[in-house]
Structure formats: C-alpha cells, structure tokens
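Chain by chain, the residues run as shown.
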Amino acid sequence: MDSNLAQEILSATLLAGTPLIIAALGLLINERAGVLNLGAEGMMSLGAVYGFIAAFSFSSPVHGLLAGLVVGGITAVGFAFLTITLQANQVASGLALAIFGVGLAGFAGKPYESRSLPAVADWHIPFLADLPWVGVVLFQQQPMVYLSWVLFGLVWWFLYRSRSGLLLRAVGEDPGAAHAIGRSVYGVRYLAVIFGGALCGLGGACLSIFYAPMWVEGLIAGRGWIALALVVFATWRPFRVLLGAYLFGGVLIAQLFLQGSGIKVTVPAQLLSALPYLATIVVLVLISRDPRLIRQHSPASLGRPFRADE
Amino acid sequence: MTLRLKGAAVAATVALGLGIMTAQAEPELKIGFVYVSPLGEAGWSYQHDLGRQALEEALGDRIQTSYVDNVSEGADAERVIREFAATGHEVVIATSFGFMNYVERVSQDFPDVQFLHATGYKDGPNFANYNARFYEGRYLAGVVAGHMSETNTLGYVAAFPIPEVVQGINAFTLGARSVNPEIAVRVIWTNSWYDPGREREAANTLLAQGADVVTHHTDSTAVVQAAEDSTRTAWGVGYHSDMSQFAPQTHLTATTHHWGDYYVQTIEAILNGDYVPTNLWGGHAEGMIDIAPLNEAVPAAVQAEIEQIQSAMRDGSFHPFTGPVVNQAGVSVIEAGEVMSDADLNQMNFYVEGVASEFPN
Amino acid sequence: MGQLTDKVALGYGFAAIIVAFLGRLHPVGVLLASLLMALLFLGGEQVQQHMNLPKSISMVFQGLLLFYLLGADLLVNYRLKWNG
C-alpha cells in the first residue's frame, strides 16, 4: 500500500476516534462510580450545539470547548439530582435525557444551522513531528487529538494512582462499605456524573468545532450510543476505550477508502458500513472473553441507586 | 393515579391547542406538507418548503398551509398523513419515497382528499406522483466539473443505490466525459441520507485519493464544506439547493430543485375545480430543475456551453441519456441516436463507463 | 406496516425501555405506561402539525415530561417529613 495513503488513513482514524474517546472517558468515570448515564447522546448534542454557538459568537474554538464542557456539566447536574437525590430510575432517566438533549440541541441550533467555522490548523509538536513517517501521523495532528491523549492520561492516573480514584472505584463496587467508613457516596457520585457529563459535552463540542466543523440537527448521529457501548466493551478500562475508539474509527475510515479507491469489492456497501461496529465488538469481546474479567471489572453497583439510610 | 392524571393533563392541553386553531377563519383549501428530514437551511426538504412558501405567496388568503418535518419513514409517517387527511386538509403532499405505501393506504380511506407524492412509482384515483429529472442538472454539473478538474478524478458521496441516485451518478459522469474523456468518477456510499460527519469523512477520503471536485446525493452541506475547508485544491458541487453561501470560494454550481411552479399550478387547478390527478416527471422544460449560478472561476466559454445545453433541454432537443452509452463492462446500454425511456431510467442498475467504483449489488 | 424499510422500528426500542421502567416492571404498569408514552408521542406530533413547531421542540417536551414523571416517583415512594 502506498505509504502516503497509509498515513492518510491513520491520521483520519485518530481524528474520527477522538470525540468518541473524550465522551467515553467521561462515561467511564461516571460508570465506575456506579451511575449509568444513558443520556450521552443528549449531552453530546447539547455540548456540540452550544460549543458551536460559543465558538462562532466569540470566534474562538477555546470558548467553544469551554462552553461544551460547561453545558455538559450543567446537564449532568440535573441528571445527578434526578437519579442520586431523587433516586429515579437511572436507565429511564438517561433515555429521557437523550430525547430531551437531542431535541433541545436541534431547536437551539436552528439559527446556526449549516454555518461553518474556520478550520483549525494542525499543531506540530517540535522535534517529534520530524520523526520519519510516525511524525506526520501522530505529531502533526489536530489539537483535539492531543487533548484526548492528555485526558486519557489524567483519567488513567486518577483511577489507578490517586486516592480519590480509589474512593471512586470503591463507591462503584460497594457503596455501602464506602458509606460505612464515613465517605459521602452521594458526593462522589455527583462529582463523577458531572465530570462524565462535562466530557460528553466536550466530545460533542469537538465534533462540531473541529471535526464537522458545523452544526446541523442530528450531527451527533448516534455517536453518544457508540461511546456508551465502547465503555462496556472496553470492560471499563481506559486503555481499552482508546483502543476500541481507534479500532472503530480505523475500520470506518478504511472502508471509506476502500469504497473510494475503485478497487472491486464484492461485499455490499451496507455490510461495509456495519463493519466498524462488528469489528469493534468482536475484538473487544475476544480480549475480554474471560468471564471473571468481566465480573471483576463491571462496577458492582452500576445502575442501582444508593440509599444512605439503608 | 399519577400516570392517569398526567395523561389527562396532556390530552387537555392538546385539545385546547386544537380548539384555538380551529376557531380561526376558514380558507378555501387547507394543504398539509410532510417532510422526511429537518428543514435546515438547505437540502431536500428545504427546497420543498420554498415551494410551499411560493404557494402561500401566490395564493395568499385562499389557502392555508401547514407542515410537519423530520417525519421518519415508518408508522409515524402513516399517522401524520392520516392526521392531515382526517383534519380537513383537502390536499396532502408527502415528499419522500418511503411515504409511498402510506399515501396509497390513506388515499383509499379518504377519497375526497387529493394526495401528491414526490418520487416513487405508485398512483391512484386521488393520488398523483410527481418527480423531477434531477439527472438533467447532474449532466450540466458534470460538464462544469469536467472542465474544472485537473486531476481528472471526480468524487461522489451518495446515500443509497436507488435508481434515482444512480441516474445522477451516471448523468454526472456522462456530462463530465462529454468534455473530457479522461474523467473517472469515484463513488462512496454513506448508507444514510443525512449524516454530516459521515459525509464529510467520505468527502475527505475522496479528496485524499485524488479527486479534485466532489459532489453528493445526501441531504447536508457537509460535502461542499469539506471541499471549502480542504487544504488541497478542491471544488464542490452542491445538490438540492444553491450551497454557495456555505462554500463561497469553491462552490462551482449546484443542481437545484424548484417545486414552487408545480405546486402553484396544481393547487390552482384544484381551486378552479379542473384538476385531474396526473403524474409528472418534469425537468428544465417544466421549471423543476435548474443549476445554481456558476462560480466566477468558471470560464465564460463554459458558461455559454452550459446555457446552450440548458436551452436544448428546455425545448426537448437534448436528453442526457442519449446513445451511444456504454456501461462499465463495455457493453452498450443505449444504442447510438436512441434515448433511454423513462421506464428504463427508473430501473437503472448499472454504472456507465467512467465510473471507477464497483456497482453495489 | 406492509413494507420492510431499513428503519422499521426506529426509536421504538428506546421507548420500550422507558415504558418498562415507568411501569415498574409489572405487566399492568407496563400497559398503562405504554399508553402514556403513546400519548406523549402522538401529542408531540399534534403539536408539530397544528402549531407548525419543529420535531425538536416536541422532543424537549417529551423529555421534560418524563423527567418530572420520574422525579415524582420519589414522592410516591416516600413521604416528606420536615425536621422540626
């Protein structure tokens, strides 16, 4: 294969996977604390639309990203109140949030439909960008890719190397025990949900500010659900989330290139479109096929509300 | 208890809303439009809505129009269509292929309501079919693209391989190759009428593989915007609407849909009482298809050529699918001097020579 | 429906999950809840048709109604006691 073509494909893969990674990392923290937020699609949509509006109005992508972060966080506060304080069913609440979020985003974005933002230039990391071949793919990328790597590092460090991360995981596994030693389960979960929502909003904003870069109703097109599925198939481990997102993006981009290359392919186009989903599921299931691993890693209290007085 | 109260409250609010609506003065004719996608600022449904607005402008107080957008092709569609028919709308206009069977069913239950269905192939006593010869515009777009391309590769982002889309791809290819026989067209299928992220990815993929003009048969402006934002030399050709406001530098032209005249003529006929449901497949001659103003970068000679072909289309002396036309395998599909029939056009299941991608099965 | 399109049951899967939880996983509850959801969706369409509002607005109302409904569950299950 032409070396240039391979670079193009890998580069595009990184871009395609990034919004998914950011949202999925947020959902991972969310779920590790034991709260299932199915409203990812809604939060990403809201982050995308308000992020776009902010970036457009202030002519600054950074304002847009911040707006996405804040809007996602605010939405998540509402969700947290509903599911943690009012102890409403998490699944139904999440679905309601998905409907609400997508609808509100569509409505709020109407005056901005199909406007576009100036494209953001790639960042060249000094020294590393000059590495042969790898340099172009990894170190001359859009800023949002580097953002996703930084976030990955932070989340990984937080979960596995910090005391607060340990507490978070404990709350997710056995909130009763955490409560018994005097920790505020509600508090930890609130923070986790807000963080999760903020990252979903950020992921959505990356989509509308860097990737598309435009806003139209329905821009998110199911990526929130993909992010949710990614977290599960990655058995709630950050590195596997990264892997899964790039795998998904990679197969997606590869099948587009295949179609566009004119190479005779006897596989129907619909099957090619389904390939990214299939490939991601198959690979991730294979690497976690040990049922003990799955039990070990799925947060034990996921989806169950915690009542402090029980 | 809570559930039932909530249900009653919702029902009461809806009833109140309906009551307010019907308390207004009665126009002669009420017309309901059903759109398959969100209206947005450009695209398939937007152009139909422009037609609806033209209708309101032309016929003013005599009619009242309303619309529902973003109606997915499923049970919801039947409900919406039936709802319009059942609430005193004398004309229901359903603007997507997938509404066809529902229109057929509802039209049988409401014989006094006139139904117009865009694209599709069924009709009935109170159910007319209308469509536009998009391929005429595609041919012209192909001519422009053929002149402007320097890599001799054109990219096409398409949704689903239905005959109408294939007609567009083939007409575009024929038009381009009529001015530059070296042109190759590559097609990527997105399997969705509307997924801007996916469309942009596909456009960028085509550009990365050497195409320098991209066009699309999908519903958003993502493809022309991808061409605008690309760091490579790239031109974009829009579809449905003039998309130059989204891609001011690189928008070459667009195949534009114009439904206003058809709607006004049909509704006027209904108002005058001399309407007979007739199917119409109109092109330039009926004012349903046109192309957007050409980019300034396009040479004046090309502009003149386009105008010539357009007037030939208008008076019926030129048909884009005139033989000799050869398919990808080199087999002749239209003999020299012959014109492809409408029936054959609607069954089109091959690529013409010059399309570099494999035909999907 | 008489036709197998590629979007046969779009959105109904999601609605079904909501119905299951609203009905508290009890058959009678699910029946009532499904009627309510149907009412919400139909009401949304009515609003679209008769007031020319876009679908996104009806989605907002549906989401809000569901939020309040789910939140009210707490009041159904527990009694508020004011601590002196």
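Residues numbered from 1 in each chain as written. Chains lettered and ligands numbered in written order. Predicted model: local features only at pLDDT ≥ 70, side-chain atom pairs only at ≥ 80, totals over all residues.

Trainee: Tell me about the pairing of strand β5 (residues 127-132) of chain B, residues and numbers included.
Mentor: Residues and elements named next belong to chain B. In terms of residue burial, β5 counts as a mostly covered element, since 6 of its 6 residues are buried. Because side chains alternate across β5, one face comprises the buried residues F127, N129 and N131, and the other comprises A128, Y130 and A132, equally buried. As defined by bridge partners, strand β4 (residues 114-118) adjoins β5 across 4 bridges and the pair is classed as parallel. Within β5, the residue paired with H117 across the bridge is N129. Looking at chain direction, β5 and strand β11 (residues 280-282) are connected through 3 bridges and run parallel. Residue pairing for β11: Y130 is matched across the bridge by L280. (Buried ≥ 20, exposed ≤ 12 C-beta atoms within 10 Å, placed from the backbone. Helix = DSSP H or I, 4+ residues; strand = E, 2+ residues; numbered from the N terminus. Pairing = 2+ DSSP bridges.)

Trainee: Could you give me a rundown of the environment of G196 of chain A, with the residues and numbers involved?
Mentor: For G196 of chain A, the location among the structural elements is in helix α9 (residues 185-211). It is 27 Å that separates the C-alpha atoms of G196 of chain A and D122 of chain A, two residues lying 74 residues apart in sequence.

Trainee: Can you tell me about the domain arrangement of chain B, naming the residues and giving the values?
Mentor: It is common to give the size of an interface as the accessible area lost on bringing the parts into contact. Residue and element names in this part refer to chain B. Split by domain assignment, chain B resolves into domain 1 (28-132) and domain 2 (134-256 + 289-345). Counting residues per element, the side of domain 1 that touches domain 2 draws most heavily on helix α2 (residues 44-59), which supplies 3 residues. Split by residue class, the side of domain 1 that touches domain 2 holds 4 nonpolar, 4 polar and no charged. (Domains from an automatic or database assignment. Nonpolar A, V, L, I, M, F, W, Y, C, P; charged D, E, K, R; others polar.)

Trainee: Could you give an account of the sheet that holds strand β10 (residues 251-257) of chain B, with specific residues and numbers?
Mentor: Residues and elements named next belong to chain B. Read across the sheet, 6 strands follow the order β7-β6-β8-β9-β10-β12 without closing on themselves; strand pairing throughout is mixed. Both outer strands of the open sheet, β7 (184-189) and β12 (289-291), are each paired with one neighbouring strand and no more. Each neighbouring strand pair of the sheet contributes to a mean axis angle of 15°, computed without reference to strand direction. Two strands pair when backbone bridges link them, and strand β6 (residues 153-158) and strand β8 (residues 213-217) are joined in this way by 5 bridges, in the parallel orientation. Bridging from a neighbouring strand, G155 pairs with V214 of β8. Relative to β6, helix α7 (residues 196-208) is tilted by about 165°, and along the sheet it contacts β6, β7 and β8. Contacting β6, β8, β9 (235-240) and β10, helix α8 (residues 222-229) crosses the sheet at an angle of about 165° to β9. (Axes fitted to C-alpha atoms, helices over the stretch in contact; angles between N-to-C directions. Contact = placed C-beta atoms within 7 Å.)

Trainee: Run through the interface of chain A and chain B, naming residues and quoting values.
Mentor: Taken residue by residue, the interface counts 30 residues in chain A and 33 residues in chain B. Residue assignment for the side of chain A that touches chain B shows that the elements contributing at least two residues are α1 (3-32), α9, α11 (238-261) and α12 (269-287) of chain A. With 6 residues, α11 of chain A is the single largest residue contributor to the side of chain A that touches chain B. Along the lines of polarity and charge, the residues of the side of chain A that touches chain B split into 16 nonpolar, 10 polar and 4 charged.

Trainee: Which residues make up helix α2 (residues 40-58) of chain A, and what are the values?
Mentor: Residue and element names in this part refer to chain A. Spanning 19 residues, α2 covers 26 Å between terminal C-alpha atoms, matching the ideal 27 Å at 1.5 Å per step. In terms of burial, α2 is a largely internal element, 17 of the 19 residues being buried. In the stretch just after α2, S59 is the one whose phi turns positive, near 50°. (Expected span 1.5 Å × (residues − 1).)

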